[in-house]
Number of protein chains: 2
Amino acid sequence: MESTRERHHVVIVGGGFGGLEAARQLKGAPVEVTVLDRYNHHLFQPLLYQVATAVLSPGDISAPIRQVLRGPNITVLLAEARSIDVERKVLITDGGEIPYDTLVLATGATHSYFGHPEWARFAPGLKTVDDARDIRERVLLAFEAAEREPDPERQREWLTFVIIGAGPTGVELAGAIAYMTRHSLPRDFRRIDTSQARVLLLEGLPRILNVYPEELSERAHRDLEKIGVEVRTNAMVTDLDDEGVIVGDTRIPARTLLWGAGVAASPLARTLGAPLDRAGRVKVEPTLTVPGHEDVFVIGDLASLVQDGKPVPGVAPAAMQMGRHVGRSILRRLKGQPLEPFRYHDRGSFAVIGRGSAVGLLFNKYRLKGKPAWWMWLGVHITFLIGFRNKVAVMLDWAYTYFTKRRDVRLITGLHANRLPPLQPRTPPEHEPAHVH
Amino acid sequence: MESTRERHHVVIVGGGFGGLEAARQLKGAPVEVTVLDRYNHHLFQPLLYQVATAVLSPGDISAPIRQVLRGPNITVLLAEARSIDVERKVLITDGGEIPYDTLVLATGATHSYFGHPEWARFAPGLKTVDDARDIRERVLLAFEAAEREPDPERQREWLTFVIIGAGPTGVELAGAIAYMTRHSLPRDFRRIDTSQARVLLLEGLPRILNVYPEELSERAHRDLEKIGVEVRTNAMVTDLDDEGVIVGDTRIPARTLLWGAGVAASPLARTLGAPLDRAGRVKVEPTLTVPGHEDVFVIGDLASLVQDGKPVPGVAPAAMQMGRHVGRSILRRLKGQPLEPFRYHDRGSFAVIGRGSAVGLLFNKYRLKGKPAWWMWLGVHITFLIGFRNKVAVMLDWAYTYFTKRRDVRLITGLHANRLPPLQPRTPPEHEPAHVH
């Protein structure tokens, strides 16, 4: 251990947008950096919904953390952080303790089911590669089940997709699934008409995308309806199971439920003993340190910070800005300079609705809709995607998807046949009268 | 059911190379075709080892069966065949019975552990997308574990990879893993030198790739050794577990074992009541029908056929030729023409050793080695890969891998941290003396 004590040791927990940026700032600096993550890859979460809807492969939006952070003063470890002992300045992991001089917590957020953890298995959320594969398999399997199902009532249940929560992820999932049912799949099935599938987007608040100005919410609402999504606002989900969802007093039968509603901070935050907000995020100082512990920084979705009376949103650009700020703060402190407060610069955010359709807000001021917003979204995402191979792969898949309307990454890899309905007696396909013989 | 009886009903079980070709021959013909598979995708198995070694994504070498076989007379179903009742002419599936007029069985082969099914969980084989993901995760995880491991002895165990069986799959896995350890990974780790990893290829027979002429086996053997693979022939594995493998009387400690040794026919064959060979394959007539059951064809890896004193090999081209032959035979029979015997035309086969290195045998006569064999292998595989998107994606990934030597699809998506060794106390990296501080 001797050699390490010579240098200031920075431990960064989490290889997401925030952790990666913090580590990059410290690359080659006179500090020793250890980056921990329980996965081996950085994941570009803003495009994860496209893995879930069969456009992209997981490999296209992920990059090995140790490849991204190659550097003589950076050690990357696959390990899971369990808790923090701020007094002893030690991070406790699955593999033992790691002493730190400075700790940067960037473990992000997970799904919240509003006190109903049992809902998770019926309505998966979208945070990891395995989540995306799970959702992709559920969606694809629903069509396979419908093709097998002899009972028309149950067939409709298989062809009903309910997305709960109309934030950006919910909106993007709903739009992409509706597009699939209308444009990518119809010709592949003989017994069902996939374009008759129902895609419902449920939102508890009075409008969708409620962090955007009302005008953009309304536009997104209309655009979603145009491409076949049924949008219901003020729709509070009171219960759900593997056969449907209850909204108020009404039961909606559906075999595929997806969760885009709640977000909760990673449980690691609780072990700090610091003040948390309602979602479990650490209420940080303006410098992003934990109150009373100047040597612990919290960034990204794990941090709760109010700026100009508004909370800094849990989005990738905010996490990256925080990561950069903290990396620089650590270097400033080593030089004996005082820490500066963090300021979030909202350059813009987008939500995609469908092919050629998005809404966006630039610099919290300029409103973009339709095609311009969509093109801008494409450019921004390609720019921030990590790695040349990934940029090229994603661009090609987008071009292919745009021109062919196909979704080719349609993998069901688990064995599910015996959980599907009995086979229909073979009858001529209903929606292809030309082929009846 | 009435409408279906009007037309001859062909049921094809399995959407691999054989089943797909049979169905394609019948597309648009005056028969009703039902294709069943327990997965929804056709898988290009010859490139599966490249998914297992982080070059390609599963989506790049698979195609949705129902998209490939779109056609007014073809129905594709996700279903699992359980058994066949040849007397009642009925296929029994997980979802009920399907009556057939002609049945084509093309369910392929699975791994065989020579009477040791308990070995499967220690030494996975490579047949499905999930197999490939499992192997990829095990290989990548071994390096992560070695990076964490404080004990040098155990570190060496994590850095020892044993591939059992030196057929094409075993050779290709060994070559690709050796390449990874020498060229793709070294700069990503600080505490271990991945290029010191041992890659052992064990073969029970006196030479590797024993279906090839001796000259090519020897060349492949030498080329493998050049890129760092230890090849051991006449090496019979007598036992194995999660910490190593026993060869004869010697225990080789190793934490990653992969299986490329045995192949057994899909168990569906046994329910036919027809004569089987030792590997469980159906001994078919020269017309590829089951003896005594002219309405049941068996093709691909499930069929056992001797031609000119030699067995037709269980390779993709043979399965495709059989599928085409059976498709045409069914149409001939409907026209009242007699069935013709199948003849396998061995156009060639290849085994890749590494970057710019392969062996190949064309028309059972011309021997190819080194670069020419490798280039030809590239061309043949791109040609037979299904789908324009897949061809482009694979070519790009190959070009990228060739020029950068990187392997970017390095995903560990499961949570494994708590199964890894305790964290090393931080010491200066041993193999990078320049960075000791």
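Note: the structure precedes this text.
Report follows, based on the coordinates. None of the values given here were measured: they were computed from a predicted structure.

Section: the pattern of salt bridges
- One pass over the structure, following the stated rule, counts 60 salt bridges over all chains.
- Close ionic contact of Arg 148 of chain A with Asp 94 of chain B constitutes a salt bridge, the shortest N to O distance being 2.9 Å. One end of the pair, Arg 148 of chain A, is in helix 5 (residues 129-148); the other, Asp 94 of chain B, is in the loop between strand 7 (90-93) and strand 8 (96-99), on a second chain. Each member of the pair, Arg 148 of chain A as well as Asp 94 of chain B, carries the same accessibility label: buried.
- If you follow the salt bridges from partner to partner, you end up with Glu 21, Arg 24 and Arg 324 of chain A in one network.

Let's talk about the environment of Gly 273 of chain B
Residue and element names in this part refer to chain B.
- Mapped onto the secondary structure, Gly 273 falls in the loop between strand 18 (262-265) and strand 19 (282-283).
- A residue is classified by how much of its surface remains accessible, and Gly 273, at 72% relative accessible area, is exposed.
- In the structure, Gly 273 is positioned 135 residues away from Asp 408 in sequence and 48 Å away in space, judged by C-alpha atoms.

Digging into the interface of chain A and chain B
- Listed by partner, the interface residues are 79 residues for chain A and 80 residues for chain B.
- Summed over both sides, the interface of chain A with chain B buries roughly 7,200 Å², with 51% coming from carbon and sulfur.
- Applying the counting rule to chain A against chain B returns 12 salt bridges.
- Of the charged contacts, one joins Arg 190 of chain A and Glu 32 of chain B as a salt bridge, the two residues approaching to 2.7 Å between their closest N and O atoms.
- Where chain A packs against chain B, one counts 34 residue pairs in polar contact (both at pLDDT 80 or more).
- Going through the elements one at a time, helix 1 (2-5), strand 2 (31-37), strand 4 (62-64), helix 4 (65-68), strand 5 (74-78), strand 8 (96-99), helix 5 and helix 11 (388-404) of chain A are the ones with two or more residues in the side of chain A that touches chain B.
- Per element, the largest residue contribution to the side of chain A that touches chain B is nine residues, and it comes from helix 5 of chain A.

Examining the sheet that holds strand 5 (residues 74-78) of chain B
All names here are of chain B.
- The strand order 5-2-1-9-21-20 describes an open sheet built from six strands, whose pairing is mixed. Whereas interior strands pair on both sides, the edge strands pair on one side only; in this sheet they are strand 5 and strand 20 (289-290).
- In this structure, strand 1 (residues 8-13) lies alongside strand 9 (residues 102-105), joined through four bridges in parallel fashion. Among the inter-strand pairings, Val 11 is bridged to a residue of strand 9, identified as Leu 103.
- In the packing of helix 9 (residues 316-334) onto the sheet, the strands contacted are strand 1, strand 2 (31-37), strand 9, strand 20 and strand 21 (293-298), and the crossing angle to strand 21 comes to about 160°.

Some words on the relation of the copies chain A and chain B
- Taken as rigid bodies, chain A and chain B are interconverted by a rotation of 180° and an axial shift of 0.0 Å, the fit giving an RMSD of 0.0 Å. Such values leave the two copies arranged in the relation of a two-fold axis. Closest approach to the rotation axis within chain A is made by the C-alpha atom of Ser 57 of chain A, at a distance of 3.3 Å.

What counts and how
- Residues numbered from 1 in each chain as written.
- Chains lettered and ligands numbered in written order.
- Predicted model: local features only at pLDDT ≥ 70, side-chain atom pairs only at ≥ 80, totals over all residues.
- Heavy atoms only, no water.
- Salt bridge = Lys/Arg side-chain N within 4 Å of Asp/Glu carboxyl O.
- Helix = DSSP H or I, 4+ residues; strand = E, 2+ residues; numbered from the N terminus.
- Buried < 20%, exposed > 50% of the residue type's maximum accessible area, 1.4 Å probe, protein only.
- Contact = heavy atoms within 4.5 Å.
- Buried area = accessible area lost by both parts, 1.4 Å probe.
- Polar contact = N/O pair within 3.5 Å; in protein donor to acceptor, adjacent residues only side chain to side chain.
- Pairing = 2+ DSSP bridges.
- Axes fitted to C-alpha atoms, helices over the stretch in contact; angles between N-to-C directions.
- Least-squares fit on C-alpha atoms with pLDDT ≥ 70 in both.

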